[in-house]
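Here's the letter readout for the chains.
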Amino acid sequence: MEHTAAEPSGLDIVVTTMASDSHTWNLVFLQLLLEELGHRVTNLGACVPDDVLVEECRRRQPDLIVLSSVNGHGHHDGRRVLPALRACPELLETPVVIGGKLGITGAADGDDTAARGLLAAGFDGVFTDVGAVDAFKVFVQRLAAGVPA
Amino acid sequence: MTAFGAFVARARSQGRLVVQPRMGMSRLDEMRLGLYATRNAAATTVGTLTVDSYTRTGALDEARRAIDDGTALNGYPIASYPPDVTRSLLRGIADEEFPVQVRHGSARPERIVAALLAAGLDATEGGPVSYCLPYSRLPLREAVTSWQRCCELLAAAQEAGAQPHLETFGGCMMGQLCPPSLLIALSVLEGMFFRQHGLRSISLSYAQQTHTGQDEESVAALIRIAADRLPDIDWHIVIYAYMGVYPQSPGGAQLLLDEAARLSVRTGAARLIVKTTAEAHRIPTVEENVRALETAAVVAGEEGRAPRTGIADTGIHEEACALIDAVLDLDADIGRALVRSFAKGRLDVPYCLHPDNAGRARSGLDSSGRLYWTDAGAMPVAGRAGAGRSATGSRELLDALSYVQRTFDERAFRTVAAPLPLSP
Ligand code: B12
């Protein structure tokens, strides 16, 4: 069904980090933010093994998968996890975004080349800079409103 | 044999604060340079090997792959380098005058402990609760079993003539927003767990929180309780410079570290683990670490000459004792008592998502910046109803998380912006 921009309905969203990352304040924050925007969130918590992540997403078939990582291994972990998600027929088209502090060198990780690399790898959105949260809110609002990416 | 505890005790008896970095790189030349620079810093230092996230979570194949293709990790992959490699990394640097500790954040650390012992090291840290709930999704029961085994491994090394040292990370649950009574209780309980499983030299941690007066009272309480409950083993207090969202400006970060150094000296702590001006942004460089060590040592030296003031009692000692007793009442085996306490919510870490945490407790900051319980869940302590609000929305959560960052960035900005005195 097509939603109009005027009356967006809530999305089912999986918020998760990846196997090596134990930071969770980022996940708690993203869950609250998305719930305040009217969406339903499943938060998978710390250090989510690849098979658990894929299985939870396959089972729930969410409208959006949000990967968050701040421990500096996000680039690497994201590139490993995305193909595993895409290998499920149910998740071929599901929007998958990634954000946080993805590398270990600070500002240099957020630069265009690194972000472009993740987009080229198949992510639908990469959110790492200062305005990450605002840009992400716009992305989610457009998705909820059915605006094609 | 590096005799970590003896080194710290000696420095303390000479009135010197031991300072230590959080430092770990995956490249051998960088790691060696980091240890060398720490040893040679103008301060009384001990060295650190901070372990990377893959090794922490048991993904040794990923760590190996990163070594092979030269990808830089966020720490030193101690279980993937052969013991000989770590031995040569340490050769000529680590000795009685410069003990090195392995810091790892692992809920199931058998392989890390085996690797450090094989490399001739015997000082490490963590704990069955503090390295499980904030660091993993492993059932607490399994973490307790694993930590018991690791304590026994270290204790066996003791029998063989080493002087192993184990520090509890209990004074830093989630890095931020955990009221001090629970930090103190977990630090002491993990210390008692270590003792129960054979350790004879330990340290108890406390991480700087949001209010200096509250921190001073907390460390004093921790010392009193430790003296009471751990009378027959060697222990010292280690302070962690703030472990939550850090100031973004170099000036703010430095002011916060200065405050941690003063806290350490004023409370009589023996050791301080520093944070650098890069903390809010990325893994620090060796130079940034050395600067943090040296500036903390200078501030500590100055503080040593300042007069002491009295500490008010707002009830932290009593609250921590109530939590400790509520756990010890459940079972003489401290590991089992801890598991049962979390299952019943007698211990409950605010905002912790781990499946074995009750997740009912909430905390907040009052108008003076003190941390307190807005909801203590099923813990045997009273929440301070009406004293403020818990962080329930995303905005409020970020506000509470960034209180220290904001306060110190503003302080640094005011210091810089203050008008210069007119020259005569
Ligand atoms: C608290 C903390 C911890 C706590 C975490 C407790 C817990 N369970 O959450 C403890 C002490 C346990 C911890 C452990 C470690 N930590 Co830590 N930690 C921090 C610290 C101080 C604050 C993080 C925080 O709570 N932020 C609050 C949340 C709300 O904000 P955030 O996570 O920054 O996320 C914001 C944005 O990034 C963004 N965002 C995040 N994800 C996403 C996703 C999307 C889609 C979008 C749109 C936005 C977005 O939104 C948030 C709000 O603005 C930071 C440094 C700092 N920032 O001051 C280091 C830091 C993140 N940790 C770091 C590291 C490396 C570790 C360790 C690996 C230990 C080590 N080697 O030093 C371990 C983790 C072990 C593991 N298996 O991964 C590094 C990461 C380095 C890097 N990326 O370059 C940092 C930056 C410190 C440093 N300078 O070295 N840590």
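Residues numbered from 1 in each chain as written. Chains lettered and ligands numbered in written order. Predicted model: local features only at pLDDT ≥ 70, side-chain atom pairs only at ≥ 80, totals over all residues. Heavy atoms only, no water.

J.: I tried to follow the packing of helix α1 (residues 25-36) of chain A against helix α5 (residues 132-144) of chain A on my own but got confused; where do I start?
T.: In a packed pair of helices, the relevant descriptors are the angle between the two axes and the axis-to-axis distance. Residues and elements named next belong to chain A. Contact geometry of α1 with α5 gives a least axis separation of 12 Å together with a crossing angle of 45°. Of the possible angle classes, the one that applies to α1 and α5 is oblique. At the point where α1 passes α5, the crossing takes the right-handed sense. Across the interface between the two elements, F29, L30, L33 and L34 of α1 pack against V133, F136, K137 and V140 of α5. Residue classes in the contact of α1 with α5 are distributed as 7 nonpolar, no polar and 1 charged. (Axes fitted to C-alpha atoms, helices over the stretch in contact; angles between N-to-C directions. Helix = DSSP H or I, 4+ residues; strand = E, 2+ residues; numbered from the N terminus. Parallel < 35°, antiparallel > 145°, perpendicular 65-115°, else oblique. Left-handed = near helix turned anticlockwise from the far one by under 90°. Contact = heavy atoms within 4.5 Å. Nonpolar A, V, L, I, M, F, W, Y, C, P; charged D, E, K, R; others polar.)

J.: Hey, could you run me through unusual backbone geometry in this one?
T.: Excluding glycine, most residues fall at negative phi; most peptide bonds, likewise, are trans. All names here are of chain A. Notably, C47 is not glycine yet its phi reads approximately 45°, a positive angle. Judged by relative accessible area, which is 9%, C47 ranks as buried. A positive phi angle, near 40°, is found at Q61, a position not held by glycine. Along the chain, the position of Q61 falls in the loop between α2 (50-60) and β3 (64-69). (Buried < 20%, exposed > 50% of the residue type's maximum accessible area, 1.4 Å probe, protein only.)

J.: Looking at this structure, how should I read the site of the ligand?
T.: With respect to spatial proximity, 42 residues lie near the ligand, and among them H23, T24 and S68 of chain A together with Q176 and R282 of chain B are the closest. Between a nitrogen atom of the ligand and a main-chain N or O atom of V70 of chain A, the distance comes to 2.9 Å. For the shell around the ligand, the secondary structure elements donating two or more residues are α1, β3, β4 (96-100) and α5 of chain A together with α3 (53-56) and α14 (394-401) of chain B. Considering each element in turn, the shell around the ligand owes the most residues, 4 residues, to α1 of chain A. When grouped by side-chain class, the residues that make up the shell around the ligand number 21 nonpolar, 16 polar and 5 charged. (Near = heavy atom within 4 Å. Polar contact = N/O pair within 3.5 Å; in protein donor to acceptor, adjacent residues only side chain to side chain.)

J.: Looking at this model, I keep getting lost on the interface of chain B and chain A. Mind explaining?
T.: Opposite the 27 residues of chain B that make contact, chain A presents 28 residues. For the pair chain B and chain A, the summed buried surface comes to about 2300 Å²; carbon and sulfur atoms form 61% of the total. A per-residue breakdown of the area chain B buries against chain A is headed by R137, L353 and S394 of chain B, which together make up 26% of the total. At the junction of chain B and chain A, the tally comes to 1 salt bridge. Close ionic contact of R80 of chain A with E62 of chain B constitutes a salt bridge, the shortest N to O distance being 2.8 Å. Across the contact surface, chain B and chain A share 12 residue pairs in polar contact (both at pLDDT 80 or more). Among the elements of the structure, α3 and α14 of chain B are those that each provide at least two residues to the side of chain B that touches chain A. (Buried area = accessible area lost by both parts, 1.4 Å probe. Salt bridge = Lys/Arg side-chain N within 4 Å of Asp/Glu carboxyl O.)

J.: Would you take a moment to explain the sheet that holds β4 of chain A for this structure?
T.: The strands making up a sheet associate through backbone hydrogen bonding, with each pair oriented either parallel or antiparallel. Residue and element names in this part refer to chain A. Taken together, the 5 strands give an open sheet; going across it, the order is β2-β1-β3-β4-β5, and neighbouring strands pair in parallel fashion. Only two strands of the sheet have a single partner each, and these edge strands are β2 (40-43) and β5 (125-127). Ignoring strand direction, the axes of neighbouring strands in this sheet form an average angle of 20°. The pairing of strand β1 (residues 12-16) with β3 spans 4 bridges and is classified as parallel. Among the inter-strand pairings, V14 is bridged to a residue of β3, identified as I65. Across the sheet, α1 is in contact with β1, β2 and β3; its angle to β2 comes to roughly 165°. On the sheet, helix α3 (residues 74-86) packs against β3 and β4 and is oriented at approximately 165° with respect to β4. (Pairing = 2+ DSSP bridges.)

J.: Could you clarify how one ought to interpret the sheet that holds strand β4 (residues 123-126) of chain B in this entry?
T.: Residues and elements named next belong to chain B. Within the open sheet, the 8 strands sit side by side as β1-β8-β7-β6-β5-β4-β3-β2. Their pairing is parallel. Two strands lie at the open edges of the sheet, namely β1 (18-20) and β2 (47-50), each paired on one side alone. Taking each pair of neighbouring strands and ignoring which way they run, the sheet shows an average axis angle of 25°. Sheet topology places β1 next to strand β8 (residues 271-273); 3 bridges connect them, and they run parallel. Paired with V18 across the two strands is R271, which belongs to β8. Each of β2 and β3 (100-103) touches helix α2 (residues 28-40); the most contacted strand, β2, lies at about 155° to it.

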